[in-house]
Amino acid sequence: MATQEDERNQKRGTFRTIRSLSEIENSIFSPECQAFVGGMFTLGAIRFGDFKWTFHNDYPDAPLAPMYFEARMVRRHPIVRNYPVDILQSEISGLKFDMVADVPTGITPTVALLAERLRVGMVSPRKEAKGKGSGAIVDGFLQEDKGKIVVLIDDVLARGDSKLILAENLKKEGAIVKDIANLMDYEIGGRLVLEQSGYNVHSAFTAKQLLDHLHLSGMIDKKERDRVLKRLSEIREFFKKIN
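As a convention, each chain's residues are numbered from 1 in the sequence order in which they are written. In keeping with the model being predicted, local features are shown solely for residues with a pLDDT of at least 70 and side-chain atom pairs are shown and tallied solely at 80 or more, while totals for entire chains, interfaces and linings include all residues. The basis for every side-chain value is the complete set of non-hydrogen atoms in the structure, without hydrogens or water.

Q: Could you give an account of the nonpolar core, naming the residues involved and the relevant values?
A: By size, the foremost hydrophobic cluster in this structure holds 48 residues, and its most contacted members are Phe69, Ile153, Tyr186 and Leu210. Throughout, a contact is declared for two residues whenever any of their heavy atoms are within 4.5 Å. Sequence-distant contacts of Ile153, defined by excluding residues within four places in its chain, comprise Leu88, Ile92, Val100, Ala101, Asp102, Val103, Ile107, Val111, Leu114 and Ala181. Residues belong to a common nonpolar core when they are buried Ala, Val, Leu, Ile, Met, Phe, Trp, Tyr or Cys residues joined through side-chain atoms within 4.5 Å. The classification of residues rests on relative accessible area computed with a 1.4 Å probe and restricted to protein chains. Under 20% of the type maximum is buried, over 50% is exposed, and intermediate values are partly exposed. The next biggest cluster of nonpolar side chains, apart from the first, holds 21 residues, and it includes Val123, Val138, Leu170 and Ile180.

And the structure:
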């Protein structure tokens, strides 16, 4: 028969378990990330299914992506749109830079808000020069900006090919680019691609951390979490074979 002391120990063990689960979740996501992801989920900006991503244009045989993280949706909500600004501000706070640059166009409003908050200039690189007007390859870049340090910012990191092109175009104009920041890393090889090209990569969280948080919070079930992780693993293996 259990004694009162046994019951007290059992309760203490239960409380420790609950506290540990909370600690696990908090270690995965900061309060800012939790608020951001919760807002994204409510807006329907985190979707699950089968999607084509940009790399499917060049690699049509690649497995379809299992989720879509549409950060461009946050501009619609006056509160939620500030969460990624908070996250990115914290993420790049230890970096040395003079200006920020967006990867058009999903993250553009967020980077504009960040630039306003930090009181720094913002420029927008293009993959190709404009075919009309100024013919600029980096919008907003001035002659006096040559030699300035620019941090390139995007919402997600998948393959990293687009970021490489944009970073190189910034450098062609005379900017110094050392750091590339993003909100979420899908962990399908993009970080390695960028790091091998000499860039420092900064991600607020990974797709796995996002999925673990959604699962722990009851927003998705374990089956969906596992399905998405399995497909991301398949995409990662696909590109490993190609490379």
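Q: Explain the pattern of salt bridges to me, and be specific about the residues and the numbers.
A: By convention in these notes, a salt bridge is any Lys or Arg side-chain nitrogen within 4 Å of a carboxyl oxygen on Asp or Glu. A full pass over the atoms with the stated rule returns 18 salt bridges. Where Asp185 meets Arg191, a salt bridge forms, and the shortest distance between an N and an O atom there is 3.5 Å. For Asp185, a relative accessible area of 4% gives the class buried. Close ionic contact of Arg231 with Glu234 constitutes a salt bridge, the shortest N to O distance being 3.7 Å. Placement of both Arg231 and Glu234 in helix H8 (residues 222-242) is noted, with a separation of three residues, approximately one turn of the helix. By relative accessible area, Arg231 is classed as buried at 18%. Numbering of helices and strands runs from the N terminus, with a helix taken as a DSSP run of H or I at least four residues long and a strand as a DSSP run of E at least two residues long.

Q: Can you break down the pairing of strand S7 (residues 176-185) residue by residue, with the values?
A: A large share of S7 lies buried, amounting to eight of its ten residues. A clockwise course of the path from the first strand over the helix to the second, judged with the strands pointing away from the viewer, identifies a crossover as right-handed. Considered for its hand, the β-α-β crossover made up of strand S6 (residues 149-157), helix H5 (residues 161-172) and S7 is right-handed. Bridge count for S7 against strand S8 (residues 200-206) is six bridges, and the pairing is parallel. Within the sheet, the bridge partner assigned to Asn182 lies in S8 and is Ser203. Crossover connection from S7 via helix H6 (residues 190-196) to parallel S8: handedness right-handed. Strands were regarded as paired on the criterion that DSSP finds at least two bridges between them.

Q: Before we move on, could you go through the side chain of Glu91 and cite the residues and values that matter?
A: With respect to the helices and strands, the residue Glu91 is situated in helix H3 (residues 83-91). His residues and chain termini do not enter the charge count, which takes Lys and Arg as positive and Asp and Glu as negative. We note that Glu91 is buried and unpaired, the nearest opposite charge coming from Arg191 at a distance of 7.0 Å. Side-chain polar atoms of Glu91 contact the backbone nitrogen of Ala204, separated by 3.4 Å. Definition of a polar contact: a pair of N or O atoms within 3.5 Å, with one able to donate and the other able to accept a hydrogen when the atoms are protein atoms, and with sequence-neighbouring residues admitted only if both atoms are side-chain atoms.

Q: For the packing of aromatic side chains, give the residues involved together with the corresponding values.
A: Between the rings of Phe, Tyr and Trp (Trp by its six-membered ring), a pair exists once the centres lie within 6.5 Å; its type follows the angle of the planes, with under 30 degrees stacked, over 60 edge-to-face, and the other angles tilted. Evaluated as defined, the whole model comprises nine aromatic pairs. Considering the side-chain rings of Trp53 and Phe55, the 5.8 Å spacing of their centres and the 85 degrees angle between planes classify their relative orientation as edge-to-face. For the pair Trp53 and Phe55, a shared accessibility class is recorded, and that class is buried. Ring centres of Tyr59 and Phe239 lie 5.1 Å apart, and the angle between their planes is 90 degrees; on these two criteria the pair is classed as edge-to-face. Taken together, the residues span a long stretch of sequence, with Tyr59 in the loop between strand S1 (46-51) and strand S2 (65-69) and Phe239 in helix H8 at a distance of 180 residues. Since its relative accessible area comes to 26%, Tyr59 is described here as partly exposed.

Q: Describe in detail the environment of Ile176, supporting the description with residues and values.
A: Along the chain, Ile176 falls in strand S7. A C-alpha to C-alpha distance of 4.6 Å links Ile176 and Ile149, two positions 27 residues apart in sequence. Not counting chain neighbours up to four residues away, the residues in contact with Ile176 comprise Gly147, Lys148, Ile149 and Val150.

Q: Would you mind going over the environment of Val138 in detail, with residue names and values included?
A: Mapped onto the elements of the fold, Val138 is located in strand S5 (residues 138-139). When its relative accessible area of 3% is taken as the criterion, Val138 is described as buried. Taking C-alpha positions, Val138 is 7.4 Å from Asn169, a pair spaced 31 residues apart along the chain.

Q: Let's hear about the packing of helix H7 (residues 207-216) against H8: which residues, and what values?
A: Where H7 contacts H8, the two axes come as close as 9 Å, and the packing angle between them is 170 degrees. Accordingly, the angle class assigned to the pair H7 and H8 is roughly antiparallel. Between H7 and H8, the contacting residues are Ala207, Lys208, Leu211, Asp212 and His215 on the first element and Lys222, Arg225, Val228, Leu229 and Leu232 on the second. Residue composition of the contact of H7 with H8, grouped by class: five nonpolar, one polar and four charged. Only the stretch in contact is used when a helix axis is fitted, and all axes are lines through C-alpha atoms; the angle between N-to-C directions ranges over 0 to 180 degrees. Every angle not falling under 35 degrees, over 145, or within 65 to 115 is termed oblique; those three ranges are roughly parallel, roughly antiparallel and roughly perpendicular. Side-chain classes are defined by residue name, with Ala, Val, Leu, Ile, Met, Phe, Trp, Tyr, Cys and Pro counting as nonpolar, Asp, Glu, Lys and Arg as charged, and the others, Gly among them, as polar.

Q: So what about the sheet that holds S8? Which residues, and what values?
A: For sheets, the rule is that strands pair by backbone hydrogen bonds, running either parallel or antiparallel. Pairing is mixed in the open sheet, where six strands are placed in the order S5-S4-S3-S6-S7-S8. Every other strand in the sheet has two partners, leaving S5 and S8 as the edge strands with one partner each. Taken together, the three bridges between strand S3 (residues 99-102) and strand S4 (residues 121-125) define a ladder with parallel strand orientation. Counted as the bridge partner of Val100 is Met122 from S4. Along the sheet, H3 contacts S6, S7 and S8; its crossing angle with S7, the most-contacted strand, is approximately 135 degrees.

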